[in-house]
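The chain contents come next:
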Amino acid sequence: MNILKFNSDEDFVQTGANLIASLLQSNPKAVLGLATGSSPVGVYAKLVEMHQKGLVSFSKATSFNLDEYIGLPVDHPQSYRSFMNEQLFNHIDIDPGQTHIPNGNAADMEAECLAYDKMLEENGPVDLQILGIGSNGHIGFNEPDVNLSSKTHVVDLLEDTREANARFFDSLDDVPRQAITMGIGGILKARQILLLVRGAGKAEAIRNAVEGPITTQCPASLLQSHPNVIVLVDEGAGKWLK
Ligand code: F6R
């Protein structure tokens, strides 16, 4: 694992954006694995800025998002489709037909999980997977558990995850109880992984993930088994790293 610690927010987002932009410059048809949440927001904003300056094009790229809430209308402001449109897709030249997000409103969720993995298989592997980490160590919505699923699956969100995400909703009751998420096996198939970690609230999670044992109780610790992981941490998140 390559861990880079930043004092400056600007350097953090520029480094993340440069990694993605240089991949697209060398391979315009790159397959990007994307995450939502607050961690990648600055990097997406920087990519939009770089695109507007003519420094990066997404016109031939394909993207796959990690996850989506179940039962939230796709045009709900907190659906991950709305998030991606607002934070990135609406401001760059990616072909909307090449952006994939699991369908959290599919009539048959089991079939949707299989179909998503099939699409990943046909278009993959993902060249660069962007990840955030939950304060409980989750990646995607792979929550700490005795067993972790390898494939895309439906997950019951833990209360601490719902509470962490309640800041985006009117009340905790409005936060969906389930999500569809790529599994750990799917995430680890990416050629390269870029983990973005910001804020003191993530200090314990990232220490456990990179310095602790590999355990399903900290799903992000499984990233230690991947040969090509870059972790960007800010001062707060990195305060307990050796
Ligand atoms: C989002 C996702 C989640 C988040 C994690 C951190 O697509 O898969 O694993 O990356 O919950 O969320 P933030 O960045 O909001 O702290």
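These numbers come from a predicted model, not from an experiment. Throughout, a residue's number is its position along its own chain's written sequence, starting from 1. Under the rules for a predicted model, residues below a pLDDT of 70 receive no local features and side-chain atom pairs below 80 are neither given nor counted, while totals for whole chains, interfaces and linings still include all residues. The side-chain quantities take in all heavy atoms of the structure and omit both hydrogens and water.

**Thoughts on the site of the ligand**
- Of all residues adjacent to the ligand, which total 14 residues, the nearest are S39, D67, H138, G140 and K202.
- Distance and chemistry together define a polar contact, namely a pair of N or O atoms within 3.5 Å, with one atom able to donate a hydrogen and the other to accept it when in protein, and with adjacent residues in sequence counting only for side-chain atoms on both sides. One nitrogen or oxygen atom from the side chain of D67 is found 2.6 Å from an oxygen atom belonging to the ligand.
- One of the side-chain nitrogen or oxygen atoms of K202 is found 2.6 Å away from an oxygen atom of the ligand.
- Protein contact buries 93% of the 410 Å² of open area that the ligand shows by itself.
- Taken together, the residues of the shell around the ligand sort by class into 3 nonpolar, 8 polar and 3 charged. Neighbouring residues are identified by heavy atoms, a residue being near a molecule or strand if any of them is within 4 Å of it. Here the Shrake-Rupley method, with its probe set to 1.4 Å, supplies the accessible areas, and only the displayed protein chains count as covering residues. Charged residues are taken to be Asp, Glu, Lys and Arg, nonpolar residues to be Ala, Val, Leu, Ile, Met, Phe, Trp, Tyr, Cys and Pro, and polar residues to be all remaining types, Gly included.

**Considerations on the sheet that holds strand β2 (residues 31-34)**
- A pair of strands is considered paired only if DSSP assigns at least 2 bridges between the two. Starting at the N terminus, helices and strands are each numbered in turn, a helix being any DSSP run of H or I of at least four residues and a strand any DSSP run of E of at least two. Across the sheet, which stays open at both edges, the 7 strands sit in the order β1-β10-β9-β6-β2-β3-β5 with parallel pairing between neighbours. The two strands at the open ends of the sheet, each matched to only one other strand, are β1 (2-6) and β5 (99-100).

**What about the UniProt feature "active site" (unreviewed entry) in the protein?**
- UniProt positions are given in the numbering used here, feature names are shortened, and annotations may be inferred rather than shown by experiment. Within this structure's numbering, the places UniProt gives as "active site" (unreviewed entry) are D67, N136, H138 and E143.
- In this structure, N136 sits in the loop between β6 (128-131) and β7 (153-156).
- The contacts of N136, once residues within four sequence positions are left out, are E143, P144, L158, D160, T161, Q217 and P219.
- Residue placement: E143 occurs in the loop between β6 and β7.
- Residue classification places E143 among the buried residues on the basis of a relative accessible area of 5%. In what follows, residue pairs with any heavy atoms lying within 4.5 Å of each other are defined as contacts. Residue exposure (1.4 Å probe, protein chains only): buried if accessible area is under 20% of the type maximum, exposed if over 50%, otherwise partly exposed.

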